[in-house]
Amino acid sequence: MCASSIGSEKGFVNVYDSLFHDVIFNDLKQQVQNIVSDDFKDISVVSVQQQLNGYDCGDFAIAFATTLVYTLDTNIPPQFDVPRMRVHLSTCLKGGLISHFPLAS
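Computed from a prediction, not measured in an experiment: that's the story for all the values here.

## Things to note about the side chain of Asp56
And then number 1: Considering the arrangement of structural elements, one finds Asp56 in the loop between strand 3 (42–46) and helix 2 (57–71).
And then number 2: There is a polar contact of 2.9 Å between the side chain of Asp56 and the side chain of Arg86.
And then number 3: Among residues more than four places away in sequence, those in contact with Asp56 are Gln51, Val82 and Arg86.

Below is the structure:
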């Protein structure tokens, strides 16, 4: 899960979650509220590609964050190339530079 206020009004946070589509659990809301502090108003769940297992969440969260940082656009690409995501992340970490994640053809 990735949370971001890029492109949002003050106090509003977008959540990009590849595991739970359209679900905001109370503990998640509390964590976001603690980070945003007194300015917190609400959370919006952005529809994103869903992972097909229980262990790719970190790859997706980093891919979402990378896309947000490089594009400053809240519209996440519809489909990452999942089989290449982990290798891409490993290459980025070894090289010391995170770059756009590969997209599916």
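## Some details on the environment of Gln31
And then number 1: Among the structural elements, Gln31 can be located in helix 1 (residues 26–36).
And then number 2: Separated by 64 residues in the primary sequence, Gln31 and Gly95 place their C-alpha atoms 32 Å from one another.

## Quick look at the confidence of the model for the protein
And then number 1: When pLDDT is averaged along the protein, the result is 89, and 99% of the positions lie at 70 or above.
And then number 2: For the protein, helix 1 is the element with the lowest average pLDDT, namely 83, and helix 3 (residues 82–95) is the one with the highest, namely 97.

## Topic: the sheet that holds strand 1 (residues 2–4)
And then number 1: Read from one edge to the other, the open sheet built from three strands follows the order 1-2-3, with strand pairing classed as mixed. If you trace the sheet from one side to the other, it starts and ends with strand 1 and strand 3, each paired once. The mean inter-strand angle of the sheet, taken between neighbouring strand axes irrespective of direction, is 25°.
And then number 2: In this sheet, strand 2 (residues 12–16) lies alongside strand 1 in antiparallel orientation, the contact comprising three bridges. Paired with Ala3 across the two strands is Val15, which belongs to strand 2.

## Focus on the packing of helix 2 against helix 3
And then number 1: The contact between helix 2 and helix 3 brings their axes to 10 Å, and the two run at 75°. The angle between helix 2 and helix 3 places the two elements in the roughly perpendicular class. Facing helix 2, whose interface residues are Asp59, Phe60, Ile62 and Ala63, helix 3 presents Val82, Met85, Arg86 and Leu89.
And then number 2: Taken together, the residues of the contact of helix 2 with helix 3 break down into six nonpolar, no polar and two charged.

## Here we look at the packing of aromatic side chains
And then number 1: Throughout the structure, instances matching the rule amount to five aromatic pairs.
And then number 2: Taking 6.2 Å as the distance between ring centres and 40° as the angle between the ring planes, the aromatic pair formed by Tyr16 and Phe64 counts as tilted. Remark: Phe64 occurs in helix 2 and Tyr16 occurs in strand 2; sequence separation between them is 48 residues. Here the two residues Tyr16 and Phe64 agree in accessibility, since each one is buried.
And then number 3: Between the aromatic rings of Phe64 and Phe80, the centroid separation amounts to 5.9 Å while the plane-to-plane angle is 50°, which identifies the pairing as tilted. Note that Phe64 is positioned in helix 2 and Phe80 in the loop between helix 2 and helix 3, a separation of 16 residues in sequence.
And then number 4: Ring pairs connect the aromatic residues Tyr16, Phe60, Phe64, Phe80 and Phe101, which therefore count as one cluster.

What counts, and at which threshold
Residues numbered from 1 in each chain as written. Predicted model: local features only at pLDDT ≥ 70, side-chain atom pairs only at ≥ 80, totals over all residues. Heavy atoms only, no water. Helix = DSSP H or I, 4+ residues; strand = E, 2+ residues; numbered from the N terminus. Polar contact = N/O pair within 3.5 Å; in protein donor to acceptor, adjacent residues only side chain to side chain. Contact = heavy atoms within 4.5 Å. pLDDT = per-residue confidence, 0-100. Pairing = 2+ DSSP bridges. Axes fitted to C-alpha atoms, helices over the stretch in contact; angles between N-to-C directions. Parallel < 35°, antiparallel > 145°, perpendicular 65-115°, else oblique. Nonpolar A, V, L, I, M, F, W, Y, C, P; charged D, E, K, R; others polar. Phe/Tyr/Trp six-rings, centres within 6.5 Å; stacked < 30°, edge-to-face > 60°. Buried < 20%, exposed > 50% of the residue type's maximum accessible area, 1.4 Å probe, protein only.

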